[in-house]
Amino acid sequence: MDTRLPYDPAVLALIDNIQEGLNRLRQLVQKQPESLDPTDPRNKQPDGKFTPRGVEICYRLFDQGMTRYGVSRLMGISFGAATYRLARWQKEGGRDRTRTTLD
């Protein structure tokens, strides 16, 4: 006797959505080596704003000589937001600023 449920694309989409959420959660709690991955989920809060870690990643990209456009593309932020972060980076001393640790 076959006990499988009938095929339902909505259920499969829900399973994929749950799996994506679990993968994101795993990345958030898993110890990872320090990296400048601009797409790391720990860089942004759920509302899209930078976490302190995301700000530091952005600043480190500027430290490496990246342009506002490059940072905006890599970090998934607007050009205006990258311009704001560049001004903050310069105000904090640019390459000579005190770096914070990446958690």
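Details of the overall build of the protein
Part 1 of the argument: On a plain count of helices and strands, the protein comes out with four helices and zero strands.
Part 2 of the argument: Reading the secondary structure of the protein in the N-to-C direction produces α-α-α-α.
Part 3 of the argument: Its C-alpha radius of gyration of 19 Å places the protein more than 25% over the 13 Å reference for a compact globule of 103 residues.
Part 4 of the argument: Its C-alpha atoms give the protein principal-axis dimensions of about 70 × 30 × 20 Å.
Part 5 of the argument: Every one of the 103 residues in the protein was classed for burial, and the buried ones make up 29%.
Part 6 of the argument: Put simply, 48% of the contacts in the protein that link residues at least 6 apart link residues at least 24 apart.

What to know about helix H2 (residues 52–63)
Part 1 of the argument: Taking 1.5 Å of rise per residue, the 12 residues of H2 would be expected to cover 16 Å, and the 16 Å separating its terminal C-alpha atoms lies within 8% of that figure.
Part 2 of the argument: Where H2 is buried, its residues meet helix H3 (68–75) and helix H4 (79–91).
Part 3 of the argument: Positive phi appears at Gly65, one or two residues downstream of H2, with a value of about 95°.

Here we look at the side chain of Glu56
Part 1 of the argument: Along the chain, Glu56 turns up in helix H2.
Part 2 of the argument: Leaving out residues up to four positions away in the same chain, Glu56 has contacts with Arg97, Arg99, Thr100 and Leu102.

Quick notes on the nonpolar core
Part 1 of the argument: Counting residues in hydrophobic clusters, the biggest one holds 14 residues, and the most contacted among them are Phe50, Cys58, Phe62, Val71 and Met75.
Part 2 of the argument: For this core, the secondary-structure elements that each account for two or more residues are H2, H3 and H4.
Part 3 of the argument: With six residues, H2 is the largest single contributor of residues to this core.
Part 4 of the argument: Contacts of Phe50, omitting those with residues within four sequence positions, involve Asn43, Lys44, Gln45, Val55, Cys58, Met75, Ile77 and Arg85.

Focus on the confidence of the model for the protein
Part 1 of the argument: Here the protein shows a mean pLDDT of 89. Residues at 70 or above account for 92%.
Part 2 of the argument: Between the elements of the protein, mean pLDDT differs from a low of 87, seen in helix H1 (residues 9–29), to a high of 97, seen in H4.

Some details on the packing of H2 against H3
Part 1 of the argument: Where H2 contacts H3, the two axes come as close as 10 Å, and the packing angle between them is 140°. The pairing of H2 with H3 is recorded here as oblique in orientation. Considering only the axes of H2 and H3, their crossing is right-handed. Only Arg68, Val71, Leu74 and Met75 of H3 make contact with H2, whose side of the interface consists of Gly54, Ile57, Cys58, Leu61 and Phe62.
Part 2 of the argument: A breakdown of the residues in the contact of H2 with H3 according to their chemical character gives seven nonpolar, one polar and one charged.

How each quantity is defined
- Residue numbers run consecutively from 1 along every chain, following the written order of its sequence.
- In keeping with the model being predicted, local features are shown solely for residues with a pLDDT of at least 70 and side-chain atom pairs are shown and tallied solely at 80 or more, while totals for entire chains, interfaces and linings include all residues.
- As a rule here, side-chain values cover all heavy atoms of the structure and leave hydrogens and water aside.
- Secondary structure is summarised from DSSP: a helix means a run of H or I of at least four residues, a strand means a run of E of at least two, and numbering begins at the N terminus for each.
- The globule rule is 2.2 Å times the number of residues to the power 0.38, and the radius of gyration it is compared with is taken over C-alpha atoms.
- Buried means the residue's accessible area, taken with a 1.4 Å probe over protein chains only, is under 20% of the maximum for its type, while exposed means over 50%, and partly exposed covers the values in between.
- Residue contacts follow a heavy-atom distance rule, with two residues in contact if any of their heavy atoms lie within 4.5 Å.
- What a helix should span is 1.5 Å times the count of its residues minus one.
- To form a nonpolar core, buried Ala, Val, Leu, Ile, Met, Phe, Trp, Tyr and Cys residues must be joined to one another through side-chain atoms within 4.5 Å.
- Values of pLDDT, the confidence the predictor places in each residue, fall between 0 and 100.
- Structural elements are reduced to axes, namely lines fitted to C-alpha atoms, with helices fitted over the stretch in contact, and the angle between N-to-C directions of any two is expressed from 0 to 180 degrees.
- An angle below 35 degrees is treated as roughly parallel, one above 145 as roughly antiparallel, one from 65 to 115 as roughly perpendicular, and anything else as oblique.
- Helix crossings are classified by the rotation of the near helix relative to the far one: an anticlockwise turn of less than a right angle makes the crossing left-handed, while a clockwise turn makes it right-handed.
- Three classes are used, and their members are as follows: Ala, Val, Leu, Ile, Met, Phe, Trp, Tyr, Cys and Pro are nonpolar, Asp, Glu, Lys and Arg are charged, and the others, Gly among them, are polar.

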